[in-house]
Amino acid sequence: MVEIVDAYEKEALTVFGEYRGLLEPGINFIPPFVSRTYRFDMRTQTIDVPRQEAITRDNSPVTADAVVYIRVMDAKRAFLEVDDYKRAVSNLAQTTLRAVIGDMELDDTLNKRQEINARIRQELDEPTDEWGIRVESVEVREVNPSKDVQQAMEQQTSAERKRRAMILEAQGERQSAIEQAQGQKQSDIIRAQGQKQSQILEAQGDAISTVLRAKSAESMGERAVIERGMEALERIGQNESTTFVLPQEVTSLLGRYGKQLTGSDVAEETEGLDSLEFDAETRELLGLDNIDDILNEISEEAEIDPEELEQQAEEIMAGKDTGAQETEQVIEEMDAELSETESEVDVETETETEK
């Protein structure tokens, strides 16, 4: 006479085989001997869908299984509309799973699990609603191709990995070659710049030396004439002849030179030997008029301070005087007289030898 129903259950009551209603959780009084009850679990239940074999749209055999989560929403309809709602849902899920997989290609069955789940659930919703059952979710657990297809897929995957490895290796070699070429290029550039800088510095040294020699030559003056005369006298003294002919100009120059020597018996206080200026042709030949331009070009190439070079040039030019043209004429006269003297010495030497 007393029926106790759990909190998560409902029971369908029949009396003499006639449906009388649902028994709610708690204590329920029912007619004895002529009543029957059928329990329904109102919680979410899981149904395992057995492994199914199917053929995809691209004729690849696969096997798949799934899990279906359901809940009884209307115990009366579940009692009156279907014999065994769990078995009915399982069978319906099996046929739906094969149908959905057969409508897809192999790659889609392996990659689009969510799409398969949604389509199976959509196909199960309509018939299960009539049974008072709600399909909460469907999860496909595994989709396995046949062994031959699996081997082919493994070979394809291996070939793809080899292809990627070859591509990465080729890209690495290409990048390495590019880096080496760039390094060689930078090395060549640095080497060329070094050679260029070396040539520039060498040319600058030659130019500076030339300029300084020209400056020194410009300030030589009368001292150079005297030194040339002394050299000529030394050459005359090396001859075997005992007769010497000295030009008057040389003797006068020797006298003047002796006055500049310390301790000489003819030494006098003088302002020093005068320097002579070169004529226009000699200045052009030595490049004396273009000294400032040369210094500017050198300073621009080597980044030398032009003012410093100009100051050095002015210091060198400070000792020059205005007698360069006379010095050159004296040197020419000295050369001519030395030539005549040597000729006379040679004639006298021959005469002495004959005697």
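The model shown is predicted, which means the values in this text are computed figures rather than measured ones.

**Concerning the pairing of strand β3 (residues 18-23)**
Sheet topology places strand β2 (residues 9-15) next to β3; five bridges connect them, and they run antiparallel. Note on β3: the bridge partner recorded for Ala12 is Leu22. Taking the residues between adjacent antiparallel strands as the criterion, β2 and β3 are bridged by two residues, where Phe16 takes a positive phi near 55°.

**Some thoughts on the sheet that holds strand β7 (residues 61-72)**
With antiparallel pairing, the three strands of this open sheet are ordered in space as β6-β7-β8. Of all strands in the sheet, those with a lone pairing partner are β6 (45-55) and β8 (133-145), marking the two edges. The sheet shows a mean angle of 20° between the axes of neighbouring strands, direction not considered. By the bridge criterion, eleven bridges tie β7 to β8 in an arrangement that is antiparallel. Along β8, the bridge assignment pairs Val67 with Glu139. On top of the sheet, helix α2 (residues 85-102) reaches β6, β7 and β8; it is set at about 35° to β6, its chief contact. Packing of helix α4 (residues 113-130) onto the sheet brings it into contact with β7 and β8, and relative to β8 it is tilted by some 140°.

**Details of the pattern of salt bridges**
Oppositely charged side chains may form a pair once their charged atoms are brought near each other. Going through the model one piece at a time under the given rule, you end up with 17 salt bridges. Asp83 is paired through a salt bridge with Arg87; the nearest N and O atoms lie 3.8 Å apart. Measuring nitrogen to oxygen at the nearest pair gives 3.6 Å for the salt bridge that ties Lys112 to Asp108. A single salt-bridge network, built from bridges that share partners, covers Glu3, Glu9, Glu11 and Arg39.

**Observations regarding the layout of surface pockets**
Approximately 170 Å³ is the volume found for the largest pocket. With three residues, the top contributor of residues to the lining of the largest pocket is strand β5 (residues 35-41). Split by residue class, the lining of the largest pocket holds five nonpolar, one polar and five charged.

**Details of the environment of Ile101**
Along the chain, the position of Ile101 falls in helix α2. Excluding anything up to four places from it in sequence, Ile101 contacts Ala54, Ile55, Thr56, Arg57, Val62, Ala64 and Thr109.

**Some words on the nonpolar core**
Nonpolar side chains in soluble globular proteins generally cluster together in the buried interior. Core analysis: the largest hydrophobic core is formed by 34 residues, its most contacted members being Val68, Ile70, Leu97, Ile120 and Ile133. When residues of this core are assigned to their parent elements, the largest contribution, seven residues, is made by α2. Filtering out sequence-adjacent residues up to four positions away, Leu97 remains in contact with Val49, Gln52, Ala64, Asp65, Ala66, Ile120 and Val140. Counting five residues, the second largest nonpolar core, distinct from the first, contains Val5, Leu13, Val15 and Ile30.

**Focus on α4**
Each turn of an α-helix holds 3.6 residues, which means side chains three or four residues apart point in the same direction. Along its 18 residues, α4 runs 27 Å from first to last C-alpha, staying within 8% of the 26 Å computed at 1.5 Å per residue. In the structure, α4 departs most strongly from a straight axis at Leu124, where the bend amounts to approximately 30° and where the proline Pro127 lies between one and four residues downstream. Turning to α4, its buried residues are Ile116, Asn117, Ile120, Leu124 and Thr128. On its buried face, α4 sits against β7, α2, α3 (106-111) and β8. One or two steps after α4, the chain reaches Gly132, where phi turns positive at roughly 80°.

**Let's talk about the packing of aromatic side chains**
Enumeration over the complete set of coordinates arrives at four aromatic pairs. For the pair Tyr38 and Phe79, a centre-to-centre distance of 4.7 Å together with 40° between the ring planes defines the contact as tilted. With Tyr38 in strand β5 and Phe79 in helix α1 (residues 75-80), this pair connects stretches of sequence that are 41 residues apart. Taken together through their ring pairs, the aromatic side chains of Tyr19, Tyr38, Phe40, Phe79 and Tyr85 make up a single cluster.

**Observations regarding the sheet that holds β5**
Strand order in this open sheet of three strands is β3-β2-β5, and the pairing throughout is antiparallel. Single-partner strands in this sheet number two, and they are β3 and β5. Across the sheet, the axes of successive neighbouring strands diverge by a mean angle of 25°, strand direction being ignored.

**Description of the confidence of the model for the chain**
When pLDDT is averaged along the chain, the result is 76; 59% of the residues meet or exceed 70. Long-range and interchain partners of residues 319-324, a stretch whose pLDDT sits below 50, account for 19 contacts in this model, where long-range means more than four residues apart.

Reading the values: rules and limits
Residues numbered from 1 in each chain as written. Predicted model: local features only at pLDDT ≥ 70, side-chain atom pairs only at ≥ 80, totals over all residues. Heavy atoms only, no water. Pairing = 2+ DSSP bridges. Helix = DSSP H or I, 4+ residues; strand = E, 2+ residues; numbered from the N terminus. Axes fitted to C-alpha atoms, helices over the stretch in contact; angles between N-to-C directions. Contact = heavy atoms within 4.5 Å. Salt bridge = Lys/Arg side-chain N within 4 Å of Asp/Glu carboxyl O. 1 Å grid on protein atoms, 1.4 Å probe; cavity = no way out; pocket = protein on both sides within 12 Å on 5 of 7 lines; lining within 4 Å. Points joined across faces, edges and corners; volume = space filled by probe spheres on them. Nonpolar A, V, L, I, M, F, W, Y, C, P; charged D, E, K, R; others polar. Core = buried A, V, L, I, M, F, W, Y, C linked by side-chain atoms within 4.5 Å. Buried < 20%, exposed > 50% of the residue type's maximum accessible area, 1.4 Å probe, protein only. Expected span 1.5 Å × (residues − 1). Bend = angle between axes of the 7 residues up to and from the residue. Phe/Tyr/Trp six-rings, centres within 6.5 Å; stacked < 30°, edge-to-face > 60°. pLDDT = per-residue confidence, 0-100.

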